[in-house]
Every structure is written in C-alpha cells, then in structure tokens.
Amino acid sequence: MKMLGLSIVGLLLVSAMAVAEPGSYAGEVTASRLQLRAGPGEAYQPVLTLEKGNRFIVLGTHANTPEWLRVEIPGGFEAWVFARFLKRDESGMGEMTADRVLVRPRASTKYHQLIGRLGKGEKVKVVGEKQTEEGLWYRVVVPRRFPLFAHAQFVKNVGDTSLASAPILKKPVEETPEPASTAPATAEAKQKPATVVL
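Report on the accompanying structure. (Residues numbered from 1 in each chain as written. Predicted model: local features only at pLDDT ≥ 70, side-chain atom pairs only at ≥ 80, totals over all residues. Heavy atoms only, no water.)

Some words on the pairing of strand β4 (residues 55-61)
For β4, the tally of buried residues reaches five of seven residues, placing the bulk of the element in the interior. Where strand β1 (residues 25-29) and β4 come together, four bridges link them in antiparallel fashion. Following the sheet pairing, G27 is matched in β4 by F56. Across four bridges, β4 lies against strand β5 (residues 68-72) in antiparallel orientation. (Buried < 20%, exposed > 50% of the residue type's maximum accessible area, 1.4 Å probe, protein only. Helix = DSSP H or I, 4+ residues; strand = E, 2+ residues; numbered from the N terminus. Pairing = 2+ DSSP bridges.)

A word on the sheet that holds strand β7 (residues 86-88)
Ordered in space as β6-β12-β11-β8-β7, the five strands form an open sheet in which the pairing is antiparallel. Every interior strand has two partners, whereas the edge strands, β6 (77-82) and β7, have only one. Averaged over all pairs of adjacent strands, the angle between strand axes in this sheet comes to 45°, irrespective of strand direction. Here strand β11 (residues 123-132) runs beside strand β12 (residues 135-142); their pairing, made up of seven bridges, is antiparallel. In the strand pairing of β12, Q131 is matched with L136. (Axes fitted to C-alpha atoms, helices over the stretch in contact; angles between N-to-C directions.)

Considerations on the nonpolar core
Core analysis: the biggest nonpolar cluster contains 33 residues, and L36, F56, F77, V81, I115 and L148 have the highest contact counts within it. In contact with F77, not counting residues within four places along its chain, are V47, L48, I115, V140, V141, V142, P143, F146 and L148. (Core = buried A, V, L, I, M, F, W, Y, C linked by side-chain atoms within 4.5 Å. Contact = heavy atoms within 4.5 Å.)

Here's the deal with the side chain of Q35
Within the fold, Q35 resides in strand β2 (residues 33-37). A relative accessible area of 0% means that Q35 is categorised as buried. Here R37 takes part through its side chain, which lies 3.3 Å from a polar atom of the side chain of Q35. (Polar contact = N/O pair within 3.5 Å; in protein donor to acceptor, adjacent residues only side chain to side chain.)

Considerations on the pattern of salt bridges
All chains considered together, the criterion is met by five salt bridges. Its salt-bridge partner being K156, residue E28 comes within 3.7 Å of it at the nearest N-O pair. You can see E28 sitting in strand β1 and its partner K156 sitting in strand β14 (residues 155-159), a full 128 residues away along the chain. Accessibility expressed as a relative area gives 13% for E28, which makes it buried. Owing to a relative accessible area of 41%, K156 belongs among the partly exposed residues under this scheme. Taking the shortest distance from any N to any O, the salt bridge between R145 and E122 comes out at 3.0 Å. With R145 in the loop between β12 and β13 (148-151) and E122 in the loop between β10 (116-118) and β11, the pair connects residues that are 23 residues apart, well separated along the chain. When salt bridges that share partners are traced, they join E28, R55 and K156 into one network. (Salt bridge = Lys/Arg side-chain N within 4 Å of Asp/Glu carboxyl O.)

Take a look at the structure:
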C-alpha cells in the first residue's frame, strides 16, 4: 500500500512538471516603440503600441515560434466588442449579455484574428465607442488574462514580475499607422532599434 501511494505521488509530480511553464518575469521594452500583437508573428494584428521603458509580465515563449514572447499587461488593455452583446450602464461599466463574445483588435469583423472571448455576465469598463457600417462597437478594457505577443529581440528581462507595471497608452493602436516594414531586414537596421515597430 505504501509503495502504491509513492507511485501515485510520483506520477502527480511528473504530471505537474510536464505542464509547468518557465518562470514568468518582468519585461521592459528596449525599442522606442513596440507593438504587442494578437498572435506570435507579424501577420497578426497589433493591439497595443508601447514605448521604451514600458514594462509588462512575460509568461514565456510561444511553443512554435520561440522568438515571440507571450505577455500579460497588468491592469488589462483596450480592445473592441460588438455593442449588441454588451449592456452599458451610466457609470461606464458594461456587462456581457451573451456567452463567448469575440474580443477583437479592431472595430470590425473584417479582421479574423481574435484576442479572446468574454463570457455572459463578465463586466468590463467601456472607454469609447465607434459607429461603423457593421454597427456600433465598444472599446473596453479587457482582463489581463488574455495574453498578447511581443518580439523577444526588443524586450529585456528586468527581474521579478512585481517590477511590471501597466503601461500608459497615449493613443489606441487603431490610430497608429501600420509601418511599411515591421522588422529590421539588415544589420544596419538592427543597430537602430529605435525605429523598429513589431
């Protein structure tokens, strides 16, 4: 019986080790501007534009593309939901009225990339709205549980996650033009990270 108990404990430890992620840490932006994206690659829509010195929590690398980091923004970040799935009150708070509501980086269904989904009854802060041909959209602060992605080349480890802070965002990424080239293509460009936007 004692041997069986030890075997079960051993199996549990091996299972826990198999699913454990590498340690999280506070990451700091080293380029003058860095775009956090909805997925691990330049083909994914940018969601936030951060500035040099902004910090966030790095959860680890993406399994298939280790040059991209999965990151979390303390305090959450802003994204878009279709207004018909949100009941807004006078205080600026909103409650989701449907389950699995899509959270998008842009106020449009033309962008098929998603940030995540919100469940019925979840509450979010509404910080803006936009009328489009498709209808009314709300810009909301989504929970920090939705990871974004940053290129590892422009992030340095500054220590414990307690050193991460919510970045101050000066304008929504939707108002930030997409750069023609989003990564340094030459050695000369790599020497000038201040002009790089990913």
